[in-house]
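Read off the chains here:
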Amino acid sequence: MVKHLKHIYLPVFLILLVIACKKSELTSYTQPDMIYFYKDHYLTNKDSIVYSFAVKSNSLQADTIRIPMRIMGVAAGHDRSVHIQAVADSSTASPEHYTILPTTVKAGEFTTNLSLLVHRKADLKTNELRLLLEIAASEDFLPGVYHSASSPSMGGGSVRFPVRINDYLTKPLNWDTFMTFYFGSYSQVKYKLVIDVTGRTEFPNSGDDRLTPSEMTYFGKACAYYLEEYNKTNGTKLTDETGQEITFPLL
Amino acid sequence: MTKYSINIIICTLAALVLASCYKDKGNYDYRQINEVILKTDRETINVILPDSLKVNLTIEQTQPNPAGFSFEWVLYLSGGTPLQRRVLDTTQNLKARITELPGTYYLMVYARDRNTGVEFQKRLNVSVLTPYSEGWMVVEENNGACDISMISPVDTIFRNIYSTTNSGEKLPAGTFRIPEIKTYNGDQKIYIISPADMIQVTYADFRKLSTFNEFFWEPPVPKPQEYFVNSFDDMMLNDGKIHSRSLNAPAGLNKLNLPPSGNHYIAPYELYTSSTGYVVFDTVSQSFLKLNTSSSSLTPFPTPAGTRLFYLNNIGKKLLYAELNANPKCYAYFKNNNDDSLFAYGFNPSVTNPDLDKTEILNSPGLLSAKLFVGSRFLPHLYYVNGHQIYKLDIPAKTAAPIYTFAAGTEIRAMKMYRNLKTTTDPNNNKLIAVATHENGEGKVYYFPISATGNFTNNTYSKVFTGFNKINEITFKSLR
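Residues numbered from 1 in each chain as written. Chains lettered and ligands numbered in written order. Predicted model: local features only at pLDDT ≥ 70, side-chain atom pairs only at ≥ 80, totals over all residues. Heavy atoms only, no water.

What's the story with helix H2 (residues 175-183) of chain A in this structure? I'm lost.
Each full turn of the α-helix corresponds to 3.6 residues, which orients residues three or four apart in the same direction. Residue and element names in this part refer to chain A. Within the sequence span of H2, burial applies to Trp-175, Phe-178, Met-179, Tyr-182 and Phe-183. The buried residues of H2 occupy an angular sector of 120 degrees when projected down its axis, which confines them to one face. Of the residues in H2, the exposed ones pointing more than 90 degrees away from the buried face are Asp-176, Thr-177 and Phe-181. Tucked inside the fold, the buried residues of H2 contact helix H3 (188-198) and helix H4 (213-234). Gly-184, located one to two residues past H2, shows a positive phi value of around 80 degrees. (Buried < 20%, exposed > 50% of the residue type's maximum accessible area, 1.4 Å probe, protein only. Helix = DSSP H or I, 4+ residues; strand = E, 2+ residues; numbered from the N terminus. Arc of directions from axis to C-beta. Contact = heavy atoms within 4.5 Å.)

Laid out in structure tokens, this is it:
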């Protein structure tokens, strides 16, 4: 047996050597075409969106939210449709609050945006409604990445995306991680003051329209000066919805 | 495994072992290499723009070959990040027009032996200069407008350089300040302050870059006084209010911010140490405060334990002048609130107990009403101007005396210490005072070298430059 083994090992070894030297061809994507909600790590609302009509004009009755999406696979030579649906048992918003607009991936494109039309209804003044969007299978795409967290070097993805809709001031998602350094602790009254003084409702610290520390310092100080003048003029300290005196850290 | 196989393996291994011991006879085909030395007719080069750069290269070699060499001359910005390179020429003798901004560069010549492929190189230092790269900037006023002249290190005077660059536009009447010119991150900033405006100009040719409102997120009513630049901390003083910014920030818009809150009126004197940052004197509370340029906020000094010579957070006197002495020691000069006593306080703002010395100045003629001050960076001395005389105050001796007297009627318009921020080994660095005067309708600039005792060398000036209009300000511009 041992004598025969060496006659087997040697040819096998030589064959392996030859195979090892063979140039490997690039493999192509062989999975079905899929699509997912794309999470840009540096965007504050990458995991969910809170949309508040309270920071919009009073005359605005509907608005469109755009949620970025990316495909898995190669671009096609024709437009392809994406099927988005609401997850009924995880949503409190009813169809009168929203319209999921048709979403297509254009020919030759790898990305698109889901357009969600939200409607301003009276009940949003007192209730925040939740809408869980989900990618469903369509003729062109299967649901893609079920859940992948983003990182500084790589975006993430998911097939579900939560949206919250209301018509009262909502604490911005980056208040505790960014805005607090310039405006202090959150309250609805303070946020309203910040909007009145700065003319802004969003203070992004990432993305193309991010604000610099210098500009945020200016906003923080402008609010502090406004409050100082307000308190002096009114002879009383401005308080928030819980009765706490409003203050700003930058003086 | 059979005995036969084992024998084959042992023999093979033995052969390999023996082969490794085989003596290397070393009978290779050695060749002498071509030893090459690159020689240039210039080693350190100054190019004054606009000009071209010419360098002749000779090659000394032991084995000349008809194939010859290929050449490449490359100019690199010294210390530039990211590394910037420009190929100037590919012939043996360099001849190229220099279009780089003023600064310090190094020039590499690479010569590749076409026969062997071996490359040789040589490095030369190049300073790209303009006529305005270095020298005393002189702000002159004439017919209700101002312009800038410059006295170069070789005593050439360039006149009206601001209006020449800016299509004849002049500076406003009363232009009174060009703050000390610092370089940060490769950029040299020049600010020019007039009673109701402040502009920034390019360091290369004084082209106007920006006007007052562009500096601020929310511009105040313009009444600019000073603009201090230290490391990444910018501090501007407008009508006693501080507007600051920190350049230690991500890329993006970075403007001067709103002033710190509170009822302050800050004295226009610069005290900055790397560990504490700016220390300012509030004339309202008569106390020193620390400035945070990022948050544009002021913080009082804590009260040290025990009995101290004085407390920075409670001086209780009027400030005459303050300046850094031997870093980090600062000197501040006060008069009491009755304007009848003078004091010099020495302190280090970076330590728990900042007070170092407190001197009541007994005999200091003219100090109470002095208008120009320059502090020594080596000795406990203060130079000040009263009338047509320059005085030296010796703090430990508690006395002051005139060390130079101009002719009666001379108006001393400006006085600055020579500080070469690029070449700190310059023997005159911090040891020469420039003084601008107005005498019989003519502006003059004098150089007074300072001796080891703190007096002027030989009790007089070393150079004088004449022919200026009425001088409002002089500021030394170091090389970038």
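Having seen the structure, we can now continue with the description.
Sorry, what's going on with the interface of chain A and chain B here?
Listed by partner, the interface residues are 14 residues for chain A and 19 residues for chain B. Here chain A and chain B share an interface that buries about 1300 Å² over both sides, 58% of which is from carbon and sulfur atoms. Run the count over chain A and chain B and you get 11 residue pairs in polar contact (both at pLDDT 80 or more). Among the elements of the structure, helix H1 (2-20) and H4 of chain A are those that each provide at least two residues to the side of chain A that touches chain B. The element that contributes the greatest number of residues to the side of chain A that touches chain B is H4 of chain A, accounting for nine residues. In the side of chain A that touches chain B, the residues fall into seven nonpolar, three polar and four charged. (Buried area = accessible area lost by both parts, 1.4 Å probe. Polar contact = N/O pair within 3.5 Å; in protein donor to acceptor, adjacent residues only side chain to side chain. Nonpolar A, V, L, I, M, F, W, Y, C, P; charged D, E, K, R; others polar.)

How do you make sense of the domain arrangement of chain A when you look at a structure like this?
The extent of an interface is frequently quoted as the accessible surface area lost upon association of the parts. Residues and elements named next belong to chain A. When cut into domains, chain A gives domain 1 (34-166) and domain 2 (175-234). Here the C-alpha centroids of domain 1 and domain 2 sit 29 Å apart. In this assembly, four residues from domain 1 lie in contact with six residues from domain 2. The largest contributions to the domain 1 side of the interface with domain 2 come from Tyr-42, Thr-44 and Val-55, which together make up 84% of the buried area. For the pair domain 1 and domain 2, the number of links is zero salt bridges. In this structure, the connection of domain 1 to domain 2 is made through zero residue pairs in polar contact (both at pLDDT 80 or more). The class makeup of the residues in the side of domain 1 that touches domain 2 is three nonpolar, one polar and no charged. (Domains from an automatic or database assignment. Salt bridge = Lys/Arg side-chain N within 4 Å of Asp/Glu carboxyl O.)

Is there a simple way to explain the packing of H2 of chain A against H4 of chain A in this structure?
When two helices pack together, you describe them by how their axes are tilted relative to each other and by the distance separating the axes. All names here are of chain A. Packing of H2 against H4 leaves a shortest axis separation of 8 Å and a crossing angle of 50 degrees. When the interaxial angle is binned, H2 and H4 end up oblique. Contacts from Phe-178, Met-179, Tyr-182 and Phe-183 in H2 reach Pro-213, Met-216, Thr-217, Phe-219, Gly-220 and Cys-223 in H4. Of the residues assigned to the contact of H2 with H4, the class counts are eight nonpolar, two polar and no charged. (Axes fitted to C-alpha atoms, helices over the stretch in contact; angles between N-to-C directions. Parallel < 35°, antiparallel > 145°, perpendicular 65-115°, else oblique.)

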